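Summary of structural features
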Amino acid sequence: MLPTRDEALAIVHEYTESPGLRRHMLAVEASMRAYARKYGEDEDRWGVAGLLHDFDYERWPNHDRAPDSEHPSTGVAILREKGVDEDILETIMAHADYTDVEATTRMSKTLRAVDELTGFITACALVRPTRLAGMKTRSVRKKMKDKAFAAAVSRDEMLENCAELGEDMGEHIAFVIAAMQVAAEDLGLNGPTPG
């Protein structure tokens, strides 16, 4: 079963209270939908996978990186009980490198490639007065070189996941920025209103 976007969003709201985490899932959804269009894939399926990938993280964060419990395993078990299609569940499992589930499909590789990057782009946007408006690839690249900025985000992981997807990193950054700009209002990153 492929949940509708509204059904997936209801699951996100049921399990996640943090506005920041909700916005992260919306950013990943926007990026997944954009890549689905680019690759000629099912936009709704890819969007739902992106929207649901972290819905269990707030309740079961998995600080010990257990491969078979807490995030994302607990969330996948919940979704499986709801009858969600296995390809979406496999994609969600594969986005965490500690689950021992390899990203073998284009959908799962894309989720891995956009997950950390959307978080990093969000961090970049939050220190800009115009947020996502006018953001350029070069400014994101410059922040990537600054190891003190968003230090918890692994630059190596972002680069490796992009390479596994088969995309050029500069083009990938520009693509994800553009996808997030379309959803900027929902992400709280549309910048100040001109007065």
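What counts and how
- Residues numbered from 1 in each chain as written.
- Predicted model: local features only at pLDDT ≥ 70, side-chain atom pairs only at ≥ 80, totals over all residues.
- Heavy atoms only, no water.
- Helix = DSSP H or I, 4+ residues; strand = E, 2+ residues; numbered from the N terminus.
- Rg over C-alpha atoms; globule rule 2.2 N^0.38 Å.
- Buried < 20%, exposed > 50% of the residue type's maximum accessible area, 1.4 Å probe, protein only.
- Contact = heavy atoms within 4.5 Å.
- Areas by Shrake-Rupley, 256 points an atom, 1.4 Å probe, with all protein chains shown as cover.
- Expected span 1.5 Å × (residues − 1).
- Polar contact = N/O pair within 3.5 Å; in protein donor to acceptor, adjacent residues only side chain to side chain.
- Core = buried A, V, L, I, M, F, W, Y, C linked by side-chain atoms within 4.5 Å.
- Lys, Arg positive; Asp, Glu negative; His and termini not counted.
- Salt bridge = Lys/Arg side-chain N within 4 Å of Asp/Glu carboxyl O.
- Axes fitted to C-alpha atoms, helices over the stretch in contact; angles between N-to-C directions.
- Parallel < 35°, antiparallel > 145°, perpendicular 65-115°, else oblique.
- Nonpolar A, V, L, I, M, F, W, Y, C, P; charged D, E, K, R; others polar.

1. Comments concerning the overall build of the protein chain
If you tally the helices and strands in the protein chain, you get ten helices and zero strands. Going from the N terminus to the C terminus, the protein chain shows its helices and strands as α-α-α-α-α-α-α-α-α-α. For a compact globule of 195 residues, the expected C-alpha radius of gyration is about 16 Å, and the protein chain comes in at 16 Å, within 12% of that figure. Along the first, second and third principal axes, the C-alpha atoms of the protein chain reach 45 × 35 × 35 Å. The buried share of the protein chain, taken over its 195 residues, is 48%. Long-range pairs, those at least 24 residues apart, make up 64% of the contacts in the protein chain between residues at least 6 apart in sequence. For the protein chain, the computed accessible surface area is about 9500 Å², with 49% contributed by carbon and sulfur atoms.

2. Description of the environment of Phe55
Counting through the fold element by element, Phe55 comes out in the loop between helix H3 (43-52) and helix H4 (73-81). The class for Phe55 is buried, based on a relative accessible area of 1%. Spatially, the C-alpha atoms of Phe55 and Leu9 are 9.3 Å apart, while their sequence positions differ by 46 residues.

3. Things to note about helix H9 (residues 169-182)
Its 14 residues place the ends of H9 20 Å apart at the C-alpha level, agreeing with the 20 Å of an ideal helix rising 1.5 Å per residue. When H9 is considered as a whole, its buried residues turn out to be Met169, Gly170, His172, Ile173, Val176, Ile177, Ala179 and Met180. Taking the backbone nitrogen of Gly170 as reference, a side-chain oxygen 3.1 Å away marks Asp168 as the first, capping residue of H9.

4. Topic: the nonpolar core
Note on soluble globular proteins: their nonpolar side chains tend to be buried together. Counting 55 residues, the largest nonpolar core has Leu52, Phe55, Ile121 and Leu132 as the members making the most contacts within it. Look past the residues within four positions of Leu52 in its chain and what remains in contact with it is Ala8, Ile11, Val12, Leu79 and Ile92.

5. Concerning the side chain of Asp115
Mapping Asp115 onto the fold places it in helix H6 (residues 106-126). Look at Asp115: it is buried, it has no salt bridge, and the nearest opposite charge is Arg112 at 8.0 Å. With sequence-adjacent residues up to four places away left out, Asp115 is seen in contact with His24, Val28, His53, Asp54 and His95.

6. Here's the deal with the packing of H4 against helix H5 (residues 86-94)
Packed helix pairs are characterised by how far apart their axes lie and by the angle those axes make with each other. Relative to each other, H4 and H5 sit at 170°, their axes nearing to 10 Å. Relative to H5, H4 is oriented roughly antiparallel. Residues Ser73, Val76, Leu79 and Arg80 of H4 touch H5, and the partners they reach there are Glu86, Leu89, Ile92 and Met93. Here the contact of H4 with H5 is composed, by residue class, of five nonpolar, one polar and two charged.

Everything listed here is a matter of geometry and, on its own, says nothing about what the molecule does.
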